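Observations on chain architecture
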Amino acid sequence: MPDSASEPYDLAVIGAGCAGLAGAVTASELGLRVCLLDGSGQVGGQFFRHPAPALGALRPQALHHDWPAFAALRQRLEASDTRRLLGHQVWTVTRGSGELWTVHALSGVDGGAERPVRVHARAVLLATGAYERQLPFPGWTLPGVVAAGGAQAMLKSGLALPGKRIVVAGSGPLLLAVASSLAAAGAQVPAIVEASGYLRYVTHARALVANPRKVLQGAVHGASLLRHRVRPHSRSAVTAAHGTDRVEAVTVSRLDQDWRPVPGTGRRISCDALAVGHGLVPQIELATGLGCATRRTPDGTHALVLDGRQETSVPGVWAAGETGGVGGWELARVEGELAGRAVAFRLRGVLVDPARVRELRRRRDRMRAFADAMAVAHAPRPGWTHWLDDDTDVCRCEEVTARRVREAAAELGARDARTVKLLTRAGMGWCQGRMCAAAVACLAAGGGDEGVPPSPERRPLAVPVPLGLLGSPAGADEAGADEAGINEAGADE
Amino acid sequence: MARTPSELVRAEPGPPFEITVDGRAITALPGQSIAAALWCAGVLAWRSTRGGGRPRGAFCGIGQCYDCLATVNGEPNRRACLVPARPGDAITTQEGHGRAGLGV
Amino acid sequence: MGDSSDVIVVGAGVVGAACAYYATRSGLSVTVIDRGPVAGGTTGAGEGNLLVSDKEPGPELELALLSTRLWRELAEPLPLQIEYEAKGGLVVASDPAGMDTLRELARGQEKAGVLAEEIPADRLAELEPHLAPDLAGGFHYPQDAQVQPALAAAHLLRASDARIRLGEEVTGILTATTGEVTGVRTATGTVHAPHVVNATGTWGGELAQRAGTELPVLPRRGFVLVTEPLPRVVRHKVYAADYVRDVASDSAALQTSPVVEGTPAGPVLIGASRERVGFDRTLSVEALRRLAAQATALFPVLAGVRAVRAYAGFRPYLPDHLPAIGRDPRVPGLLHACGHEGAGIGLAPATGALIAGMLSGGPLPLDPAPFSPARFVGGAAP
Ligand SMILES: Cc1cc2nc3c(=O)[nH]c(=O)nc-3n(C[C@H](O)[C@H](O)[C@H](O)COP(=O)(O)OP(=O)(O)OC[C@H]3O[C@@H](n4cnc5c(N)ncnc54)[C@H](O)[C@@H]3O)c2cc1C
Ligand SMILES: Cc1cc2nc3c(=O)[nH]c(=O)nc-3n(C[C@H](O)[C@H](O)[C@H](O)COP(=O)(O)OP(=O)(O)OC[C@H]3O[C@@H](n4cnc5c(N)ncnc54)[C@H](O)[C@@H]3O)c2cc1C
Ligand code: FES
C-alpha cells in the first residue's frame, strides 16, 4: 500500500460494480497494489445495489437472485488490501509523466465537504457501467414517470417506490427484472409493455441455447410476473403519459415492425407511476477523453473496442463490464477478472492458472454473443419518432421540444446530435445529453437509420466540478497521503 | 407476499427522523437518500424547471439525469437521489437554476 | 453530379456563411460546401465575442470596427435567434501598472474610432457587482457585443440564398488548362464555378495545398469552461488586462487569461486558453485549472458554481496574426477568407463584405491590402 504522496498504485479501478470489484480483487490477490474508486458510497454497482447499512435490511438478497456471488466478491475485497475510495466521483483521467495515469476525483460531492483527490497509477481499469437509454414521448417529463432501472435502483437502495400502481414499459431484458422486483415489493404492476417482439430471439437461437442461465433467469422473472398477474404487451409502447402535475394514466399502443404506433390501437391504463427505459448505454466518457477507440454496438450505442485481454486501444487503459458493450452482471464479473489477470501479467509477469483464463474467455465470448443477440432484438426502430408530438420536450434539462430539434435539422443544416446541440441547446444542460442524445441523434438523422452515424459523445468532464476546486493549486491532495485509514467515505457495511 | 419494500427485505432500520419539504414535515429512515424519503412520503416533485416552470423530481435514480436537483438546507442543485437524508434537513422546492439570489 | 454557380464557398463556418450572405446580396449565385454540418468546425467551439477592445490600432481593428457595424445591422432582423447582445466589454487591471497599460491602449484605440471609458476602482461594482473588490480599475468598451456563433452562422446561411451541400468534402480544385479555377471536386462529384472561396478556417492550408498553392494556417488550441445555468451574474464581457498580451503573443506555450461572460441561455462561459499543440483534443487539466483559478479571482462568487462542460477548439492562425482575405496570387479565381484566429466570429461580416466586393467588382468597404494572401506567397496581389 503506497503511503506517501509520491508512490503510485499499480492499478486504479474506476467503478465498483461487478466488473470493477472482480478486477480489483483479482489484481490485488495477484500481488498488485490497487486503488478502487466509486462515486457511490457503497460497492456493488447497479446490479448489486443494496440498502445502506443503517436501513438494517436482514434479507437484502430478496431483491437479488444472485446475492451469494456479490457476498463472495465483497468478502474477498475486505480480505484484500485494496484501497477503497468510495464516494469519489472521477471527473477525468489524464496521462501523467513517466508511464503514469492520473485519476482526478472529487470526494464529498453529495453531502460532505467537497475536495479534490488525485490518484496515480501505472494502469487504469475503467468499469464505469452504463446508464439507461430513453426515448421520449408526450408526457414523459411528468412526475411519476421514472426510468425503469431508476425505479429498480431506488427500490434496491432506498426501499422506495414511485407509486402503488406502476406500469413498466420500454424495451429490453431489464424490464422483466424491474417488473418482478416492483411486484415483489408490493406494487401493483398492471402491465409490462415491450416494444420489440420477444420472438425475435428465436432467430438467434444459437446464442440463447448457449446461455441456459439467461433463459432460466427470464423464466424465473416470467413466473414471478404470472404470479403477480402482470399483463405482458409485446410489440407495444407507452405513446403518451397523462396527468397535470403527475402521471395519472398512460396510453399503450400497438406498434408496427418499425415501431410506428398502429392507429386506433391506443388503450388507456390508469396508474400512478410509469417505469420506462430502452436498454442501456455504456458510460465511456473517461475512455473517449483518453482517445480510446469505440465501436457501434448492434443496437446503436457506442462501446469501447477491447482486445482479447480487455485492453482498450490506448495501452495501459483497460475496461470491463458494460463499458465494452452491455452484457449483464455475470459478463461484467468475468471480464473484470480477465482484466485483473491481464494487468497483473503486464505489470509483474504474474501468470497463474492459464486453464482458468481459457475458461473465462470462453464464457466471456459466449455471453458477448448472447448480449449482441439481445441488442439486435431490442434495438430501437426508427418509427418511434412518431410517438412524439411537436411540443414534446426531447431534452429534459433545457426543455427543447421535438419541433425545435426537427427545425434545426431540416432548416438550419444540423445533421448530427452535436450540431443540434449547438443550435438548440438540446444536450447542453446538467446531464450533458445522457438522457436525450440517443433521441436527438435519431431526429437529426431524420428519423431513419441513414444520415451521419453519430459519434460518441464527448464529455471532457464526466461529472460537474465546482470552479473553486477545479482552480485549486496542483500538488495538493494526493490520495496516497489521505489522513484517514484505508477506506475513505464510510467503509462499506 | 410482501406488501412493502421494507417487509420484503425485512428491514429493521434505526429510529426514523423528520425532514421537511417546503416546511411540511415528513418521515425519513436512516440510510435513505432524500429522494427515497420523499418518494416514501408520496412526494414526486421538488423542483420547477427554468423555462416552463414544470414540476420535476427523481427520474434516473442513479445520479445521471440531474432532474432531482433540490435545494437542501439553502444549498441549491443537490442531487436528491444521492444525498443521504439527515435529521432536520430542510428541502425547498427549487425554482429554475436555484440561484436567484446571485442575479444582478 | 454536375452543378454550377458563380461562386463556390468551401466551409460552412461563420466566415463561409458571411461570404455566402454578402455574395448572394450582391447578385451572385453561390454554392456552399462543407464536409460536415453547419458550424461543425471552429465556429461551433467559439465564444461569440465581437470585440474591438482587445485590438491594437491597425488593420485588424479597422476590420473589427466595420464588423461591429455590420453585426448590428445583421442582428436587427434576427436578434433573438442569434442571441445578439450589445452588452459592452469591461477590461480590468489588478494594479496601477496594468491600468497605465490599459490607458495607453485606449488612447490609441480612441483615435481609430473606438469608444472607451475609464472606470475608476470605486465604480467597478456599479458595472459588475460581483467583481473582486481589490482591482485597480478598468475600461468600459460599449461597442463590444456578443452572438451565439453556431446560431449566427446557421441563420446567416439560411438568410443567404446560397445552395448548401453538407457532408461533402472538397477533395480538389478544378482548373482550366490556362490555370483558372473552374470548380471543385468533391467526394461525390464535381461542382462548377469560376470562383472558389477558401473559408475552411483552420484547415485553410490543406485546401490551399489541394489547389496547388499554400497558406500557412496553423491551429492554436483553446479550452472553454461552461458553468451550470445561472441568473445574470456577469453583465459585460469581462476580462483582465493580460488578455490583450496573450492574444498578440507568438508563444507556443500555454497561456491563459480569464475572459468571463454570461449568456442569455444561463451558463457563464470562461475562456480561453491559448496553446500551440496541433490538433490534440486531450483535456489539459492545467489549462482548466488556470482558467478556473483566474475566473474565480475576478468573480469570487463563481467558486461555488459548477463547471458542467469543457471543450476545445482550434483557432486558425497565421504567423502575423492577421487573416488572409483576398485573391490567391498563384491560382486565378481562388480567394482566401481564413486565418481569423481568435476573432473570426467578430470579423466574419467584414470579411464577407470584402470578399463579395472583390467577386462582384463593387466598391470595397476598406483597404484589403494588409490582408492580402500574397504576403505569404511572395507574389503581388493582383
Ligand atoms: C439503473 C440501472 C439499473 C439496473 N438494474 C439491473 C437489474 O435490476 N438487473 C440486471 O440484471 N441488471 C441491471 N442493470 C444492468 C447492470 O448495469 C449490469 O448488469 C451490471 O451492473 C454491470 O456491471 P458493471 O460492473 O459493468 O457496471 P455497474 O454495476 O454499473 O458499476 C459501475 C460503477 O461505476 C461507478 N461509476 C461510474 N462512473 C463513475 C465515475 N465517473 N466516478 C466514479 N465512479 C463511477 C458507478 O457508481 C457504479 O458503481 C441495471 C443498470 C442500470 C443502469
Ligand atoms: C476556444 C475558442 C474561443 C473563441 N472565441 C471567439 C470569440 O469570442 N470571438 C471571436 O470572434 N472568435 C472566437 N474564436 C475564434 C473563432 O471561433 C474562429 O476564428 C472562427 O470560428 C473561424 O471561422 P471559420 O468559418 O473561418 O472556420 P470554421 O468554423 O472552422 O469553418 C471551416 C469549415 O470548413 C470545413 N472544411 C474544412 N476543410 C474542408 C474541405 N476540404 N471540404 C469541405 N469543407 C471543409 C470545416 O468542416 C468547417 O466547417 C474562438 C475560438 C476558440 C477555439
Ligand atoms: S434522479 Fe437522476 S440524478 Fe437524481
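Small disclaimer: the values here were computed from a predicted structure and weren't measured.

Here's the deal with the overall build of chain C
- The helix and strand tally for chain C stands at 10 helices and 19 strands.
- Computed over C-alpha atoms, the radius of gyration of chain C comes to 21 Å, within 12% of the 21 Å expected from 2.2 N^0.38 for 382 residues, which places it in the range of a compact globule.
- When the backbone C-alpha atoms are referred to their principal axes, chain C occupies close to 65 × 40 × 40 Å.
- Relative to its full complement of 382 residues, chain C shows a buried share of 65%.

Describing the domain arrangement of chain C
Residue and element names in this part refer to chain C.
- When the domains of chain C are assigned, the result is domain 1 (7-47 + 150-216 + 320-379) and domain 2 (89-142 + 218-317).
- Just the C-alpha atoms count here: the centres of domain 1 and domain 2 sit 30 Å apart.
- On the side of domain 2, 23 residues touch domain 1, which itself brings 13 residues to the contact.
- Roughly 1300 Å² is buried in total at the junction of domain 1 and domain 2, and carbon and sulfur atoms are behind 55% of that figure.
- Three residues, Glu47, Thr202 and Glu341, lead the burial of domain 1 against domain 2; their summed loss comes to 49% of the area buried on that side.
- Summed over the shared surface of domain 1 and domain 2, the result is 2 salt bridges.
- Across the pair Glu341 and Arg220 runs a salt bridge whose closest N-O atoms are separated by 2.4 Å.
- For the pair domain 1 and domain 2, the number of links is 5 residue pairs in polar contact (both at pLDDT 80 or more).
- Across the side of domain 1 that touches domain 2, the residue classes tally to 3 nonpolar, 8 polar and 2 charged.

Quick word on the domain arrangement of chain A
Residues and elements named next belong to chain A.
- As assigned here, chain A comprises domain 1 (9-131 + 281-352), domain 2 (134-278) and domain 3 (388-463).
- Computed over C-alpha atoms, the centres of domain 1 and domain 3 are 30 Å apart.
- Contact residues are listed per partner, giving 12 residues for domain 1 and 11 residues for domain 3.
- Buried surface at the junction of domain 1 and domain 3, summed over both partners, amounts to about 1000 Å²; 59% is from carbon and sulfur atoms.
- The largest contributions to the domain 1 side of the interface with domain 3 come from Trp91, Tyr131 and Glu285, which together make up 50% of the buried area.
- Counting every contact that joins domain 1 to domain 3 gives 2 salt bridges.
- In this structure, Glu285 and Arg459 form a salt bridge, with 2.8 Å as the shortest nitrogen-oxygen distance.
- Seen at the junction of domain 1 and domain 3, the total is 3 residue pairs in polar contact (both at pLDDT 80 or more).

Structural notes on the UniProt feature "domain: BFD-like [2Fe-2S]-binding" (unreviewed entry) in chain A
- UniProt annotation of "domain: BFD-like [2Fe-2S]-binding" (unreviewed entry) refers to residues 394-441 of chain A when read in the numbering used here.
- The annotated region residues 394-441 of chain A carries 48% helix and 8% strand content, and the separation between its end C-alpha atoms amounts to 11 Å.

Comments concerning the environment of C:Tyr141
Residues and elements named next belong to chain C.
- Checked against the element boundaries, Tyr141 lands in strand E6 (residues 137-141).
- Along the backbone, Tyr141 and Ser29 are 112 residues apart, and their C-alpha atoms lie at a distance of 38 Å.
- Of note is the side chain of Tyr141, whose polar atom sits 2.6 Å from the side chain of Gln109.

A few points about the interface of chain C and chain B
- Counting from both sides, the interface comprises 13 residues of chain C and, opposite them, 8 residues of chain B.
- Together, C:Glu228, C:Pro229 and C:Pro231 form the three largest contributors to the area buried by chain C at its contact with chain B, with a combined 39%.
- Applying the counting rule to chain C against chain B returns 1 salt bridge.
- A salt bridge links B:Arg99 to C:Glu228; the shortest N-O distance between them is 2.8 Å.
- Put simply, chain C and chain B have 6 residue pairs in polar contact (both at pLDDT 80 or more) between them.
- When grouped by side-chain class, the residues that make up the side of chain C that touches chain B number 8 nonpolar, 2 polar and 3 charged.

Points about the site of ligand 1
Residues and elements named next belong to chain A.
- Taken together, 29 residues lie around ligand 1, and Ala19, Asp38, Gln46, Val90 and Gln152 are the ones closest in.
- Between ligand 1 and the protein, one listed contact pairs an oxygen atom with a backbone N or O atom of Ala19 at 2.9 Å.
- Between ligand 1 and the protein, one listed contact pairs a nitrogen atom with a backbone N or O atom of Gly39 at 3.0 Å.
- Relative to its unbound accessible area of 970 Å², ligand 1 is 92% covered by the protein chains.
- When residues of the shell around ligand 1 are traced back to their parent elements, those giving at least two are helix H1 (18-29), strand E4 (88-95), helix H3 (148-158) and helix H8 (329-348).
- Taken together, the residues of the shell around ligand 1 break down into 12 nonpolar, 14 polar and 3 charged.
- Taken together, domain 1 (9-131 + 281-352) and domain 2 (134-278) each give at least three residues to the shell around ligand 1, which thus spans both.

Topic: the site of ligand 2
Residue and element names in this part refer to chain C.
- Around ligand 2, the surrounding shell holds 37 residues, and the nearest of these are Asp34, Thr42, Thr43, Glu341 and Gly346.
- Glu341 is positioned with one of its backbone polar atoms (N or O) 2.7 Å from an oxygen atom of ligand 2.
- Between ligand 2 and Gly342 there is a distance of 3.0 Å, counted from a nitrogen atom to a backbone nitrogen or oxygen.
- Look at ligand 2: alone it shows 1000 Å² of surface, and the protein chains cover 97% of it.
- Taken together, the elements giving at least two residues each to the shell around ligand 2 come down to helix H1 (14-25), helix H6 (204-210), strand E13 (218-229), strand E17 (306-317) and helix H9 (344-360).
- For the shell around ligand 2, the element with the highest residue contribution is E17, accounting for 4 residues.
- Across the shell around ligand 2, the residue classes tally to 13 nonpolar, 16 polar and 8 charged.

Notes on the sheet that holds strand E9 (residues 170-175) of chain C
All names here are of chain C.
- What the 3 strands build is an open sheet, ordered E9-E10-E11; its pairing is antiparallel. Only two strands of the sheet have a single partner each, and these edge strands are E9 and strand E11 (189-192). In this sheet, neighbouring strand axes are inclined to one another by 25° on average, regardless of whether the strands run parallel or antiparallel.
- Relative to strand E10 (residues 181-186), E9 runs antiparallel, the two being bridged by 5 bridges. When the bridges of E10 are listed, Ile173 appears paired with Val184.

A closer look at empty space enclosed by the protein
- The tally for this structure, following the rule as stated, stands at 9 cavities of 30 Å³ or more.
- For the largest cavity, the calculated volume is near 130 Å³.
- Considering the residues around the largest cavity, the lining is formed by 17 residues, among which A:Cys397, A:Trp430, B:Arg47, B:Arg50 and C:Pro229 are closest to the centre.
- Roughly 100 Å³ of internal volume is contained in the second largest cavity.
- In terms of lining residues, the second largest cavity is bounded by A:Gln89, A:Val109, A:Asp110, A:Trp430, A:Pro464, B:Tyr66, B:Leu69, B:Asn77, B:Arg78, B:Arg79 and C:Arg306.

Some points on the sheet that holds strand E13 (residues 249-254) of chain A
Residue and element names in this part refer to chain A.
- Pairing in this open sheet of 3 strands is antiparallel, and the strands run E12-E13-E14 from one edge to the other. In the strand order of this sheet, the two ends are held by strand E12 (236-242) and strand E14 (267-270), each with one partner. Across the sheet, the mean angle from the axis of one strand to that of its neighbour is 30°, orientation sign disregarded.
- Pairing analysis gives 6 bridges linking E12 to E13, with the strands arranged antiparallel. Its bridge partner lying in E13, Val238 is registered against Val252.

What counts and what doesn't
Residues numbered from 1 in each chain as written. Chains lettered and ligands numbered in written order. Predicted model: local features only at pLDDT ≥ 70, side-chain atom pairs only at ≥ 80, totals over all residues. Heavy atoms only, no water. Helix = DSSP H or I, 4+ residues; strand = E, 2+ residues; numbered from the N terminus. Rg over C-alpha atoms; globule rule 2.2 N^0.38 Å. Buried < 20%, exposed > 50% of the residue type's maximum accessible area, 1.4 Å probe, protein only. Domains from an automatic or database assignment. Contact = heavy atoms within 4.5 Å. Buried area = accessible area lost by both parts, 1.4 Å probe. Salt bridge = Lys/Arg side-chain N within 4 Å of Asp/Glu carboxyl O. Polar contact = N/O pair within 3.5 Å; in protein donor to acceptor, adjacent residues only side chain to side chain. Nonpolar A, V, L, I, M, F, W, Y, C, P; charged D, E, K, R; others polar. UniProt positions renumbered as here; feature names shortened; annotations may be inferred. Near = heavy atom within 4 Å. Areas by Shrake-Rupley, 256 points an atom, 1.4 Å probe, with all protein chains shown as cover. Pairing = 2+ DSSP bridges. Axes fitted to C-alpha atoms, helices over the stretch in contact; angles between N-to-C directions. 1 Å grid on protein atoms, 1.4 Å probe; cavity = no way out; pocket = protein on both sides within 12 Å on 5 of 7 lines; lining within 4 Å. Points joined across faces, edges and corners; volume = space filled by probe spheres on them.

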